[in-house]
Amino acid sequence: MKFLFSVLALCLTFVSFAQTGRVKGIIRDEKGVVLSGASVIYRKDVTIGALSDEQGKYELEVPSGNCRLICRFTGMVTDTLTVQIIPNQTVTVDITLEFFIKEIKQVEIKVGKFDKPIEEQTVTMVVIKPELIENKNTRSIETALDQTPGLNILDGEPQIRGGSGFTFGVGSKVAIIVDDMPMLSGDAGRPEWGFIPVENISQIEVIKGAASVLSGSSALSGSVHIRTAYPKAKPLTKVNLYSGAYSAPNHPNAKWNSMYPGIHGGNFLHSRIIGNLDLVIGGNINFDHGYIGPPKTDSIVATVFPDTITNFTEKQLISKRGRLNFNLRYRSKKIKGLNYGVNGNVMLMHTNMPLAWLNDSSGLFKAYPGAIFLQDQFIFNVDPFVNFFTQTDGKHHLRTRILHVDNKMSANQSNNATTYFGDYMFQKSYPDLKNLDFIGGITSTFTNSFANIYVGSGSPNNQMLNVSAYAQLDSKFNKSLIVSAGGRLEYFRLNDTITATKPIFRAGASLKLYQETYLRGSYGQGFRFPTITERFIKTGVGNFGVFPNPNLKPESSWNAEIGIKQGLKLGKVMGYLDIAGFWQEYQNTIEYMFGIWHELTDVQALSSSAGFMFLNTGQSRVTGLDASFTGAATISKKTAMTFMIGYNYIVPKTLTPDYVYATDSLNRVFSYNSTSLDPSKGILKYRFLHNVKADVEIVFAKKLAVGISAKYFSRMINMDAIIKDFEELTTQQEILQDLRYMDFFNSHRFGNWIFDARVSYNVTDIHKFALIGSNILNRTYSLRPLKIEAPRTIMVQYTFRLEGKEKKKEG
């Protein structure tokens, strides 16, 4: 009898498993967009599953009864659902997946020239959204960029992963690109930060590591891509007004000003669709009293070296700026896929350019005599363009730019340059060839410069031509492996006499290992041709001069890295953890060095003998670790948080410590060892080995927002020994103004934590008020020798934002 019952139970069990049903449906995201390639898995037996097709449809056969299914898709929160399966019947269950990180995915982030998701990139990239720019009351774009992990802006000069030292902003080793075209001055390779329209930015992408293949020359250690915005479906009018002031310096006897140290200004933006025309117009007005005061000459020194070139007043040092920009795009009615237009930007600015402080005590916030200039700048760009998109024959882009910069400078330092840029780019996808994407093009840049300070070439008029061709292929295998490879051929010609040709390459891969786990690796080369300024500048101001070096060689680099991006869900916290290890090497590194380059016959003619020169200083290596954690958290039903935290560790070392790269008129040899303050560990000059960036914002009921930002810079290990030598020289000679730095340097070798904070309140969807503080602890600190950073600023901001009724695009 027991045997019969056992057989009966076994048969019933077999029958129950033999009875199956089917479940089918469509998988969509929260916006209703169908998801192709989403997986649906039977929880009890993971070998049973299906993938959604191009229409988002799925179907699978599972045992009858209560059935638990797991649905997964890249970038979405995994969902588990229970379905009642009826034997021999089909149940329809449509599935909606939530974005993995809602705060990030509400606006689909597409990056790079291929406009692909950030997780599919083969290089390390950070994306900055326009909300952060507005929330921090960004008056000039570099203050927002300086919040990016691994990117530091030192006195206007961008540095990525310690890839450069300090050269007063000349010859940037980071490419600054606005709307896929370079935005560096044609003669000096200097970023024009205040010229970039902060009120109309769609997205900023920071690429770390050599990126010259697609970003062009100057991308020796990375690139910054800034995209301006076009109108959306609803017309938008936005006005931002701000007013505030600098706090008194937190240093004994350092207050110098008699006028109110105010900062005032505003910007506006209006964008709308008018039939087939997209219109954007914006502008900015800014008034900044500044925190650096005029020079003060010692009474004894004044009898020998009277200051007749930098004896400015407080009022003369006030900075003023007015800027107006527009974007116009017309979508053709007759030819489908054709659009064309013109973008433009124009700015007038009066500002000052301090190079060194008066002394390291009460003179921290004053300029050194002869080491500050006044600048009146007129700058504009006009960018005509044509785009033609087809269904079968790819996308064609023709972009052009005329960039004119006219700098009227004190002390006969005026210069002007006009740069003509053109780029044709073709892009096409080949689905039948392993989802191959191709991009290729040809670029030309011509700069015509006129400046008496560039007579080191033999003439104040200098011209430089750059022509390059580039191409890159991306291919996706099995929806999990992306492989990319590309190359560029660069040709440079300077004044019809100096030429250079250089091929450069890159390659990379990204592998999706698991749900929200991406492994990537890449190799890239960089190449930078010296600017007109670096080769030919010849001038003297105050006690020192700057000398030309026509034989300056181009510098090059390569970068290799491996990284992993992991999506994490820790309770109510969701984000992406990104960790990358990198190895960068540089050849013919260009640095700014001080020496006695001509025989010194008279101390009163010091500027014609002693000063700075750009030199190739040898080879170097930077290895390190780059980590970031970006995401959002739902604290409660009405409280949400977003955050961006990053840490960068570098080991920047010379590879040629004994290489002699110059000898001055006193027969002093110049090498890394002989010119370094501390050569014992081989650490490169002007680098921070540890760097932390963080920004956290909490929003309550979509009304009140509280945010805090933090930056940490570790102590500077090494710098030029001449700074110490020069201090000793000036303190020993009564006829030279003391230039002191070493006491400050030795007493501040413990790193710097800098904190910013902000509070905003949305009165309505139209009106918002904010209180914003920078350097809220009012820390006195310096990031490069002889230059103090700004004390605390407190700003009040009012934002008016009005959206109109939705307009549908025609054509």
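Residues numbered from 1 in each chain as written. Predicted model: local features only at pLDDT ≥ 70, side-chain atom pairs only at ≥ 80, totals over all residues. Heavy atoms only, no water.

Let us now look at the packing of aromatic side chains. Within this structure, the stated rule accounts for 23 aromatic pairs. Taking 6.3 Å as the distance between ring centres and 45° as the angle between the ring planes, the aromatic pair formed by Tyr659 and Tyr661 counts as tilted. Both rings, one in Phe769 and one in Tyr798, keep their centres 5.1 Å apart while their planes meet at 40°; by these two values the pair is tilted. Residue Phe769 is found in strand 44 (residues 767-774), and its partner Tyr798 is found in strand 47 (residues 793-803); the two are separated by 29 residues along the sequence. Residue class for Tyr798 comes out partly exposed when judged on its relative accessible area of 21%. Every member of this aromatic cluster is reached through a ring pair, and the members are Tyr592, Phe594, Phe612, Phe614 and Phe726. Arg161 extends its terminal NZ or CZ atom over the ring of Phe582, reaching a point 4.3 Å from the ring centre. (Phe/Tyr/Trp six-rings, centres within 6.5 Å; stacked < 30°, edge-to-face > 60°. Helix = DSSP H or I, 4+ residues; strand = E, 2+ residues; numbered from the N terminus. Buried < 20%, exposed > 50% of the residue type's maximum accessible area, 1.4 Å probe, protein only. Lys NZ or Arg CZ within 6 Å of the ring centre and 35° of its normal.)

Time to look at helix 9 (residues 722-732). Among the residues making up helix 9, those that are buried are Ile723, Phe726, Glu727 and Thr730. Here the buried residues of helix 9 occupy an arc of 105° about the axis, which is enough to place them on one side. Lining the buried residues of helix 9 we find strand 32 (544-547) and helix 10 (742-747). (Arc of directions from axis to C-beta. Contact = heavy atoms within 4.5 Å.)

Moving on to the sheet that holds strand 3 (residues 49-51). Taken together, the four strands give an open sheet; going across it, the order is 3-2-5-6, and neighbouring strands pair in antiparallel fashion. Strands with a single pairing partner mark the edges of an open sheet, and in this sheet they are strand 3 and strand 6 (79-85). Neighbour to neighbour, the strand axes of the sheet diverge by 25° on average, direction disregarded. Examined bridge by bridge, strand 2 (residues 39-42) and strand 5 (residues 65-72) share four bridges and lie antiparallel to one another. In the strand pairing of strand 5, Ser39 is matched with Arg72. (Pairing = 2+ DSSP bridges. Axes fitted to C-alpha atoms, helices over the stretch in contact; angles between N-to-C directions.)

Structurally, the position occupied by Asp765 is in the loop between strand 43 (752-762) and strand 44. Given the relative accessible area of 77%, Asp765 is considered exposed. Expressed as a C-alpha distance, the spacing of Asp765 and Thr799, which sit 34 residues apart in the sequence, is 10 Å.

Take empty space enclosed by the protein next. Under the counting rule described, the total for this entry stands at 10 cavities of 30 Å³ or more. Of the voids in this model, the second largest cavity is the one considered here, and its volume is about 580 Å³. As for the second largest cavity, its lining consists of 36 residues, of which Pro182, Ser217, Ser218, Thr445 and Asn466 are closest to the centre. For the lining of the second largest cavity, the per-class residue count stands at 15 nonpolar, 15 polar and six charged. (1 Å grid on protein atoms, 1.4 Å probe; cavity = no way out; pocket = protein on both sides within 12 Å on 5 of 7 lines; lining within 4 Å. Points joined across faces, edges and corners; volume = space filled by probe spheres on them. Nonpolar A, V, L, I, M, F, W, Y, C, P; charged D, E, K, R; others polar.)

Attention now goes to the pattern of salt bridges. Going through the model one piece at a time under the given rule, you end up with 33 salt bridges. Where Arg520 meets Glu561, a salt bridge forms, and the shortest distance between an N and an O atom there is 3.7 Å. Taken together, the positions of Arg520 in strand 30 (residues 517-528) and Glu561 in strand 33 (residues 555-570) put the pair 41 residues apart, joining distant regions of the chain. For Asp738, the salt bridge identified is with Arg740, shortest N-O distance 3.5 Å. Asp738 sits in the partly exposed class, given a relative accessible area of 30%. Bridged by salt links that share partners, the residues Arg161, Lys208, Arg520, Glu561, Lys565, Asp578 and Asp626 form one connected network. (Salt bridge = Lys/Arg side-chain N within 4 Å of Asp/Glu carboxyl O.)

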